[in-house]
Number of protein chains: 2
Amino acid sequence: MKARVKWIDGRQFVGINERNAGVVMDSLVEAGGEGVGFKPTELLLIALAGCTAVDVVTILRKKKQKVTGFSVEVEGMQRQEFPQSFEDMKIIYKVKGENIDKAAIERAIQLSEEKYCSVRATLEGNPRITHTYEIED
Amino acid sequence: MKARVKWIDGRQFVGINERNAGVVMDSLVEAGGEGVGFKPTELLLIALAGCTAVDVVTILRKKKQKVTGFSVEVEGMQRQEFPQSFEDMKIIYKVKGENIDKAAIERAIQLSEEKYCSVRATLEGNPRITHTYEIED
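**Quick notes on the relation of the copies chain A and chain B**
Alright, step 1. Under the fitted operation, chain A is carried onto chain B by 0.0 Å of movement along the axis and a turn of 180 degrees, and the coordinates agree to an RMSD of 0.0 Å. In the structure described here, the two chain copies are related by an operation that fits a two-fold rotation axis.
Alright, step 2. Taken together, the interface assignments show that 100% of the residues at the interface of chain A recur at the interface of chain B, consistent with an identical surface on both copies.

Set out below in structure tokens:
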């Protein structure tokens, strides 16, 4: 799998995949950028959240759960000192639907954590990753 | 730092940061998605490339290098088995400019690797990350 990042100017870049989708990255204004688009560290959080999200929603639907809405929030805590690696990441799964089974959610999250989520597996042993979930009828 | 991911449908999601920038994620058609936007694993590669790219271009400019173009290519090799974590990542820095000093590039890459790149530091000890660079006049 390949991707590339092209400099626009200042601290602003565009990230491009092999199918020519693009995403703009920048630093915040207070860090010398223009604050357009995503910080690279935000894309890391979104990569993790998106990876586990697709696993969990797919497994829930295979388990015949009537999912009508689904989102994942992710919070990352970084070191103060350089390098400012993430020490903790917290994932909140929010599932909306009819009579959603808690055991199905827990099993789906476990399968994502242990087997399917490539991004999470690539982070293994580094940030402490915890999760909770909420069900909304 | 927070971010969230909202389910659109199928295997398609939108990732959103705290300043409401959005990026679409999806699986490839052959994996049951519609292939719109980015795979989460591609965003991981782009997060790494973008993180080191901003470090390197900023350091080169501080070192008074006349950089007129800059891009970073990144290639990731994943395990065949689940979880399909990245085992190797290869970064190619491409610097365009007038009389660019090789030592300045090497020092800039080293500082990014060892001190500044938060994404790389969060991956520490997992994929083997290697790099090369090319200079274009």
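What follows picks up the thread again.
**Overview of the sheet that holds strand E6 (residues 128–136) of chain B**
Alright, step 1. Pairing is mixed across the open sheet formed by 6 strands, whose spatial order is E3(A)-E2(A)-E1(A)-E4(B)-E5(B)-E6(B). With one partner strand each, in any of the chains shown, strand E3 (22–25) of chain A together with E6 of chain B form the two edges of the open sheet. Sheet twist, expressed as the mean angle between neighbouring strand axes with direction ignored, is 20 degrees.
Alright, step 2. As defined by bridge partners, strand E1 (residues 2–9) of chain A adjoins strand E4 (residues 66–78) of chain B across 5 bridges and the pair is classed as antiparallel.

**Some words on the interface of chain A and chain B**
Alright, step 1. Across the boundary between the two partners, chain A contributes 60 residues, which contact 60 residues of chain B.
Alright, step 2. Counting residues per element, the ones that place at least two in the side of chain A that touches chain B are E1, strand E2 (12–17), E3, helix H1 (40–62), strand E4 (66–78), helix H2 (102–116) and helix H3 (118–123) of chain A.
Alright, step 3. At 15 residues, H1 of chain A tops the list of elements feeding residues into the side of chain A that touches chain B.
Alright, step 4. Looking at the side of chain A that touches chain B residue by residue, the class counts come to 32 nonpolar, 18 polar and 10 charged.

**Focus: the domain arrangement of chain A**
Alright, step 1. By domain assignment, chain A separates into domain 1 (1–38) and domain 2 (40–136).
Alright, step 2. Computed from C-alpha coordinates alone, the two centres of domain 1 of chain A and domain 2 of chain A are separated by 24 Å.

How each quantity is defined
- Residues numbered from 1 in each chain as written.
- Chains lettered and ligands numbered in written order.
- Predicted model: local features only at pLDDT ≥ 70, side-chain atom pairs only at ≥ 80, totals over all residues.
- Least-squares fit on C-alpha atoms with pLDDT ≥ 70 in both.
- Contact = placed C-beta atoms within 7 Å.
- Pairing = 2+ DSSP bridges.
- Helix = DSSP H or I, 4+ residues; strand = E, 2+ residues; numbered from the N terminus.
- Axes fitted to C-alpha atoms, helices over the stretch in contact; angles between N-to-C directions.
- Nonpolar A, V, L, I, M, F, W, Y, C, P; charged D, E, K, R; others polar.
- Domains from an automatic or database assignment.

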